[in-house]
Amino acid sequence: MVGIAMKDLISIKDMGRRQIEGIFSLTDKLKRKTPRSLNGKIIAMIFEKPSTRTRISFEIATYDLGGHAIYLPKKDIQLGRGETLGDTAKVMSEYVDGIVARLFTHKEMLDLAKYAEVPVINGLDDLLHPCQALSDLYTIKKRFKNLKGVKIAFLGDGGSNVCHSLMYACSGLGVKMVIACPREYSPRPKILRDTRRYCRLVREPREAVEGADIVYTDAWISMGEERERKERIRKLKNYQVSSSLLKHVKKRRYFVMHCLPAHRGEEITPEVLEGRKSIIWEQAHNRLHVQKAILHLLLGKK
Ligand code: CP
Ligand code: NVA
């Protein structure tokens, strides 16, 4: 199986094509039969922000693999009262076998991985959402069988954690991605540079969707950005994924994706979200399977 020589899963940037593809084939294998490879293992889930999909799918994946997950909202542990992340990481490493974390900043995520002696899995930070992007590329692969020649159009907040991780995933797998966003909400320059062979930036939504196999969007207002709400809606309104925009895809077979939670009438219209091109529910479902593969690789008894 894949030689995943990594302690943590913090960013897809750290992964090679073989590792990503290895996660996909392992996902297929575990779907057929789930081993009890986490038997007796305990996973701490430190969450600084809310979550439906990530939390539930990691808890269920851990359970299905024979382990036990402890959900720890930041406010309920001493981290919420100022205990340092470093101390928290060191103490947790004495008790648990792995940590899934959802934190505000990427710097905190790196600190957690640095101080923890057990594997740390990034369940989202302000910069990246690697588990989402791995699962999304898996979903796309299932639909198209082969990722070769697939083009993804991402519309809206190009600076979102989901967009950044999709860029790294596309770059790792050789998938073309076009990001259409306003200048203020462009991806981080470093990530654009790292992924420039496969990812391209445009300002015009129609240009991005033309010939796309996947039209993807994320929330315009990510967790922690609520104060910018009015300004973001004003600047992003032309990037809404709507039926009229989708006319410009000019392809018969294409799909619409969204990491969820969705904001109907903002980044996506209700008829597109619920429409026949949407594979959004299947996309959410696959989080469970791909996360099982991630847990098995990083923490499973070999
Ligand atoms: N897509 C995603 O990560 O959803 P949650 O915020 O519900 O975990
Ligand atoms: N960009 C969104 C993703 C939610 C899964 C956020 O960070 O809120």
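Residue indices follow the written sequence of each chain, beginning from 1 at its first position. Chains carry letters from A onward and ligands carry numbers from 1 onward, assigned in written order. Predicted model: local features are reported for residues with pLDDT of at least 70 only, side-chain atom pairs are reported and counted for 80 or more only, and whole-chain, interface and lining totals are derived from all residues. Each side-chain value is worked out from all heavy atoms of the structure, with water and hydrogens disregarded.

Help me understand the pairing of strand β3 (residues 98-102), please; the structure alone is not making it clear to me.
Strand residues, when the strand is regular, have side chains that alternate between the two faces of the sheet. Across the 5 residues of β3, 5 count as buried, placing the element largely inside the fold. By the convention used here, strands pair only if DSSP detects at least 2 bridges between them. Helical segments are the DSSP runs of H or I of at least four residues, strand segments are the runs of E of at least two, and each set is numbered from the N terminus. Direction of pairing for strand β1 (residues 42-47) relative to β3: parallel, over a ladder of 5 bridges. What sits directly across from Phe 47, in β3, is Arg 102. In terms of strand pairing, β3 meets strand β4 (residues 120-122) through 3 bridges, oriented parallel. Here the term buried applies to any residue with accessible area under 20% of the maximum for its type, exposed to any over 50%, and partly exposed to those in between, with areas from a 1.4 Å probe on protein chains only.

Would you take a moment to explain helix α3 (residues 85-95) for this structure?
One turn of the α-helix equals 3.6 residues, which is why residues spaced by three or four share an orientation. Residues Leu 85, Gly 86, Thr 88, Ala 89, Met 92 and Ser 93 constitute the buried set of α3. Down the axis, α3 shows its buried residues gathered within 160 degrees of arc, on one side only. With respect to the buried face of α3, the exposed residues turned more than 90 degrees away are Glu 94 and Tyr 95. We call two residues in contact whenever any of their non-hydrogen atoms come within 4.5 Å of each other. Looking at the buried side of α3, the elements it contacts are β1, β2 (68-73), β3 and α4 (106-115). Each C-beta atom gives one direction from the helix axis, and the arc is the one those directions make.

Teacher, can you tell me more about the sheet that holds strand β8 (residues 214-217) here?
In a beta sheet, neighbouring strands are held together by backbone hydrogen bonds and run either parallel or antiparallel to one another. If you trace the 5 strands from one edge of the open sheet to the other, you get β7-β6-β5-β8-β9, paired in parallel fashion. Only two strands of the sheet have a single partner each, and these edge strands are β7 (199-202) and β9 (255-258). Taken pair by pair, the neighbouring strands of this sheet meet at an average axis angle of 20 degrees, ignoring direction. Note that strand β5 (residues 151-155) and strand β6 (residues 176-180) share 5 bridges and pair parallel. Bridged to Lys 151 within β6 is Lys 176. Where helices are involved, their axes are fitted lines through C-alpha atoms of the stretch in contact, as for all axes, and angles between N-to-C directions lie from 0 to 180°. Here helix α5 (residues 130-144) sits on the sheet and contacts β5, β8 and β9; the angle it forms with β9, its principal contact strand, is near 165 degrees. Each of β8 and β9 touches helix α12 (residues 280-299); the most contacted strand, β9, lies at about 50 degrees to it.

How do you make sense of the nonpolar core when you look at a structure like this?
Nonpolar side chains in soluble globular proteins tend to end up buried together. For the purposes of this section, nonpolar cores are sets of buried Ala, Val, Leu, Ile, Met, Phe, Trp, Tyr and Cys residues that join through side-chain atoms within 4.5 Å. The biggest cluster of nonpolar side chains holds 61 residues, and the ones touching the most others in it are Leu 137, Ile 152 and Met 177. In contact with Met 177, not counting residues within four places along its chain, are Ile 152, Phe 154, Cys 163, Leu 166, Met 167, Cys 170, Tyr 198, Cys 199 and Arg 200.

How should the site of ligand 1 be read in this particular structure?
Being near a molecule or strand, for a residue, comes down to having at least one heavy atom within 4 Å of it. With respect to spatial proximity, the complete set of residues near ligand 1 consists of Ser 51, Thr 52, Arg 53, Thr 54, Arg 102, His 129, Gln 132, Cys 259, Leu 260 and Arg 287. Here a polar contact is taken to be a pair of N or O atoms separated by no more than 3.5 Å, where protein atoms must pair a possible hydrogen donor with a possible acceptor and residues adjacent in sequence count only if both atoms sit in side chains. One of the side-chain N or O atoms of Ser 51 is found 2.6 Å from an oxygen atom in ligand 1. Contact distances for ligand 1 include 2.8 Å between a nitrogen atom and a backbone N or O atom of Leu 260. Areas reported as accessible are Shrake-Rupley estimates using a 1.4 Å probe. Residue values count occlusion only from the protein chains shown. A total of 250 Å² of accessible area belongs to ligand 1 in isolation, and the protein chains cover 95% of it. Using a 2 Å cut-off from the grid points, one finds that ligand 1 occupies the largest pocket. Side-chain classes are defined by residue name, with Ala, Val, Leu, Ile, Met, Phe, Trp, Tyr, Cys and Pro counting as nonpolar, Asp, Glu, Lys and Arg as charged, and the others, Gly among them, as polar. The class makeup of the residues in the shell around ligand 1 is 2 nonpolar, 5 polar and 3 charged. Cavity and pocket criteria rest on a 1 Å grid covering protein atoms alone: a 1.4 Å probe that fits but cannot get out defines a cavity, protein on both sides within 12 Å along at least 5 of 7 lines defines an open pocket, and an atom within 4 Å of a point defines a lining residue. A molecule is said to be in a cavity or pocket once over half of its atoms fall within 2 Å of that pocket's grid points.

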